[in-house]
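Here is what each chain is made of, one letter per residue.
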Amino acid sequence: MKSPLEAPEKQIAEETSAKPEKPADAVIDTSKMAKGQREALELAEAARDPLDDRGSFASNLFIGRYDFDRIYPYPAQSAEDRAAGEDFLQKLESYLRDHVDPDEIDRTGEIPPENFKGLAEIGAFGIKVPKKYGGLGLSQCNYGRAAVLLGSWDGNVAALVSAHQSIGVAQPLLLFGTEEQKQKYLPRVAGGEISAFALTERHAGSDPATMSLRAEPTSDGSEFILNGEKLWCTNGVKAGVLVVMARTPPKLVGRKERKQITAFIVDVDTPGLEITYRCRFMGLRALYNAVVKFTDVRVPRENIISKEGAGLKVALTTLNTGRLTLPAACVGLSKRLLEISRKWAGERIQWGVPIGQHAAIAGKIAEMAGNVFAMEAMTFLTSSLLDRKAGDLRIETAMCKMWATETTWRIADDAMQVRGGRGYETAQSLAGRGEAPIAVERFLRDCRVNIIFEGSSEIMRLFIAREALDPHLKVGGAIFNTQLPIPDRAKAVFSSGKFYAGWYPRQWSCGLCGAHEQTARARFVPRHGTVRAETGS
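Just so we're clear, the structure is a prediction, and the values are computed from it rather than from any experiment.

Chemist: Provide a residue-level description of the overall build of the protein, including the pertinent values.
Modeler: Summing up its helical and strand segments, the protein has 20 helices and ten strands in all. Here the protein, with 537 residues, has 53% of them falling under the buried criterion. In the protein, once contacts between residues fewer than 6 apart in sequence are set aside, the share between residues at least 24 apart is 74%.

Take a look at the structure:
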C-alpha cells in the first residue's frame, strides 16, 4: 500500500512512463499568448516552486488520494504549546477590552499612540519572532488565537498587527533572511517599530510583470538605486522599515530575457524615500495605508532578501504562511457577529415570540454557526499542520483565506439582516438615543476588504486551480503544447493515456468507499473558541 505522505510527482513517476519536462514553459504553452500575457505567466511560473515532496492533504485530493492519516485524529494544539501562549493572550484580551475603543478609532480614523506603545509592551508586534531576537517565540496556533481576539475586537488593530508581522519584515526574514539581517531588524520590529510590505503599484497588483519600480545596481554593484512609486502600502504611514519589491536588470534564460523581481529591506528614513499620501477607505478607517515614492533611494546589496531575482518567490512564500492570519481574524469577527445575532434573536419579540423562533431567522443563525465552526476547524487544522511542518500547505492556506473571507462577508450581511434597522444604524447613533452601541455596520464595512486583501478571491481561485492541476499538467500538458516537437506530443498522448486508464477507474472503485467510511468516523473538534460541533457516532 502506498504511503499517505506520497506526493503527486512521485505517484506520477511510478504510474506512468511520462517524464515531466523541467522548464515551466514546457508545462504551459505560451506561444499563442500576447507578449504581456506571456511575460506575466513566465515570470510567475519561474517564481513558483514545485509542491513539496511530501505533498499535502489538499494537494493529494486532486489526484484522488484521500490521506486522512494526515488530519485524523484532528491535530489539536498540544497542551504545552497552548499553555505557552496563555499569558500573552490573557494580556492581549485585557488590553483590548480596557484600552482599545474600536468605535472611537473608527470615528477619528486614528489608532491612539498609547495603543501602539501598549501593544508593543505586551509583545504583540513580535508574536512569532524567536526569543533570541526579542520576540515571544510563539507558534502559528498561538498567533492564530491572537488574531481571533484582534479580529473580534477591531479590524484596524488586527490589520496593523497582521500586516506588520505576517507580510512585513518579520516573516520574510524568518523564512529567507541571513543571520545578520535577523540580528539587525528582528529586534526592532519585535520591539514595536512598525514594518510594511510594498508590492502594489498603480498598474501592478496580482500581476508583478507590470511592476515599474526599478532597482539599478551601482557601477561597483555594492548598492542598488530605487526609483518609482508604490501604492496601498499597508502600515506605510507608520512604518520604520519596509520590504520592497523592485525590478532589477533582466537575466538571460535560454537566450530569452526574463524579468527579475528582487526583495529589499529599506529603512523609511533613507534619503529619497517619501510617504506622499495616506489613502482612506470605506472601512478600516484607521488603516495606515500609504503611497510611497522612491527617488534615487540607495539600498546596500546586503539588504537583499534571499538573492537577486528571488523577490517574487519571497513574496509568494511569505503570503503562503501570512494568509493564515486573515482567516483567523475572520473567525474572531464571525464569532462576535454570531454572538450578537443570537442575543438579539432571543430578545426581540415579534408576532408573540422571539424572532429566533421564526424559521427565517433560525435558519440564518444555524447556518452562521455551522460556518463559524467549519471556518475555525479548517484554519486551526492548517495552523497546526504548519507548526508540525507537515508538508507544503500552500493550497490549504489559500483555501482558508478564500473561503473564510467570503463566508465572513456573508455572515456580516446576515447579522445586519437579523439586527434589521439597528444593524444599519451606527453605534454612535444607537448610543445617542439610549440603545446598546452594537456596531454591526462597522463590522460589515471593515470586513469587506478581506475578500481583496492578500490576493483577491478571483486570484485565489486561479492559484488553487494552478496548483491543483499541476500533476495533471505534468502528465498531459505536453499534448497541447505547440512549442514541443510532434514526436514528444505524440509520446505524451500514449503515456498520459496509460496513466488515466488506470487512474480514472480507481476514483470510482472501493477506494472511495473507504474514504467515505473514514470521513463518517472522523470527529473534528477544534478547541480554540466557544463554537463546537461533532459528527459521527
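Chemist: Can you tell me about unusual backbone geometry, naming the residues and giving the values?
Modeler: The step from Y72 to P73 runs through a cis peptide bond, and the omega angle for that step is 0°. Within the secondary structure, P73 is located in the loop between α3 (57-61) and α4 (79-99). The backbone phi angle of D296 is positive, close to 50°, even though this residue is not glycine. When you line up the elements, D296 lands in strand β7 (residues 289-300). For D296, a relative accessible area of 49% translates into the label partly exposed. In this model, E454 sits at a positive phi of 50°, which is unusual for a non-glycine residue. Here E454 lies in the loop between α17 (440-447) and α18 (457-476).

Chemist: Residue-level account of the pairing of strand β5 (residues 256-267), with values.
Modeler: Note that strand β4 (residues 241-253) and β5 share eleven bridges and pair antiparallel. Bridge pairing in β5 links K251 to R258. Counting the residues between successive antiparallel strands, the hairpin from β4 to β5 contains two residues, one of them, G254, with a positive phi of roughly 60°.

Chemist: Could you give me a rundown of a nonpolar patch on the surface, with the residues and numbers involved?
Modeler: On the surface, L61, F62 and Y66 cluster together into a nonpolar patch covering about 220 Å² of accessible area. With respect to the element layout, L61 can be found in helix α3.

Chemist: Tell me about the packing of aromatic side chains, and name the residues and values.
Modeler: On inspection of all chains with the given rule, the structure shows seven aromatic pairs. Clustering of aromatic rings is evident, with ring pairs tying together F499, Y500, W503 and Y504. Note that K238 overlies the ring of Y288, its terminal NZ or CZ placed 5.1 Å from the centroid. Taking the ring centre of W344 as reference, the NZ or CZ of R419 above it sits at 4.8 Å.

Chemist: Help me get a handle on the packing of helix α7 (residues 140-153) against helix α8 (residues 155-167), residues and values and all.
Modeler: Following both chains from N to C, one finds α7 and α8 inclined at 150°, their axes separated by 7 Å at the closest point. Relative to α8, the element α7 lies roughly antiparallel. Facing Y143, L150, G151 and W153 of α7, the residues of α8 in contact are G155, V157, A158, V161, S162, Q165 and S166. Grouping the amino acids of the contact of α7 with α8 by side-chain chemistry returns six nonpolar, five polar and no charged.

Chemist: Please provide a residue-by-residue account of the nonpolar core, values included.
Modeler: Within the largest apolar cluster, 36 residues are counted, with the highest numbers of intra-cluster contacts made by I71, L337, L338, I355, I361, M375 and I411. Of all the elements in the fold, those that place two or more residues in this core are α7, α12 (325-347), α13 (359-387), α14 (394-419) and α17. Among all residues touching I361, those that are not within four sequence positions of it are A345, I355, G356 and V418. The next biggest cluster of nonpolar side chains, apart from the first, holds 27 residues, and it includes V129, A263, I305 and L312.

Chemist: Just give me the short version of α4, but keep the residues and values in it.
Modeler: For α4, which comprises 21 residues, the first-to-last C-alpha distance of 30 Å matches the rise-based estimate of 30 Å (1.5 Å per residue) to within 8%. Along α4, the helix axis deviates most sharply at E86, where the bend reaches about 40°. By the burial criterion, the buried members of α4 are G85, F88, L89, L92, Y95 and L96. The inward-facing, buried residues of α4 abut α6 (113-121) and α7.

Chemist: Please give an account of α7 that cites residues and values.
Modeler: Taking 1.5 Å of rise per residue, the 14 residues of α7 would be expected to cover 20 Å, and the 20 Å separating its terminal C-alpha atoms lies within 8% of that figure. Most of α7 is tucked away, with 13 of its 14 residues classed as buried.

Chemist: I'd like a rundown of the side chain of N303, residues and numbers included.
Modeler: With respect to the secondary-structure elements, N303 resides in the loop between β7 and β8 (304-305). Side-chain polar atoms of N303 contact the side chain of Y185, separated by 3.3 Å. Other than its neighbours up to four places away in sequence, N303 contacts Q181, Y185, A263, F264 and I265.

Chemist: Which residues make up the packing of α7 against α13, and what are the values?
Modeler: Contact geometry of α7 with α13 gives a least axis separation of 8 Å together with a crossing angle of 150°. Taken together, the axes of α7 and α13 lie roughly antiparallel to each other. Here α7 contributes Q140, C141, G144, R145 and V148 to the contact with α13, which in turn contributes F380, S383, S384, L386 and D387. Grouping the amino acids of the contact of α7 with α13 by side-chain chemistry returns four nonpolar, four polar and two charged.

Chemist: Requested: an account of the confidence of the model for the protein, with residues and values cited.
Modeler: Per-residue pLDDT for the protein has a mean of 87; in total, 85% of the residues score no lower than 70. Across residues 15-26 the pLDDT falls below 50, and counting only partners more than four positions away or on other chains, this stretch makes 20 contacts in the model. Contacts of residues 517-537 to residues separated by more than four positions or lying in other chains number 45 contacts, the stretch itself having pLDDT below 50.

Conventions used here
Residues numbered from 1 in each chain as written. Predicted model: local features only at pLDDT ≥ 70, side-chain atom pairs only at ≥ 80, totals over all residues. Heavy atoms only, no water. Helix = DSSP H or I, 4+ residues; strand = E, 2+ residues; numbered from the N terminus. Buried < 20%, exposed > 50% of the residue type's maximum accessible area, 1.4 Å probe, protein only. Contact = heavy atoms within 4.5 Å. Pairing = 2+ DSSP bridges. Patch = residues over 30% accessible without salt bridge, like charges linked within 9 Å, V, L, I, M, F, W, Y side chains within 5 Å. Areas by Shrake-Rupley, 256 points an atom, 1.4 Å probe, with all protein chains shown as cover. Salt bridge = Lys/Arg side-chain N within 4 Å of Asp/Glu carboxyl O. Phe/Tyr/Trp six-rings, centres within 6.5 Å; stacked < 30°, edge-to-face > 60°. Lys NZ or Arg CZ within 6 Å of the ring centre and 35° of its normal. Axes fitted to C-alpha atoms, helices over the stretch in contact; angles between N-to-C directions. Parallel < 35°, antiparallel > 145°, perpendicular 65-115°, else oblique. Nonpolar A, V, L, I, M, F, W, Y, C, P; charged D, E, K, R; others polar. Core = buried A, V, L, I, M, F, W, Y, C linked by side-chain atoms within 4.5 Å. Expected span 1.5 Å × (residues − 1). Bend = angle between axes of the 7 residues up to and from the residue. Polar contact = N/O pair within 3.5 Å; in protein donor to acceptor, adjacent residues only side chain to side chain. pLDDT = per-residue confidence, 0-100.

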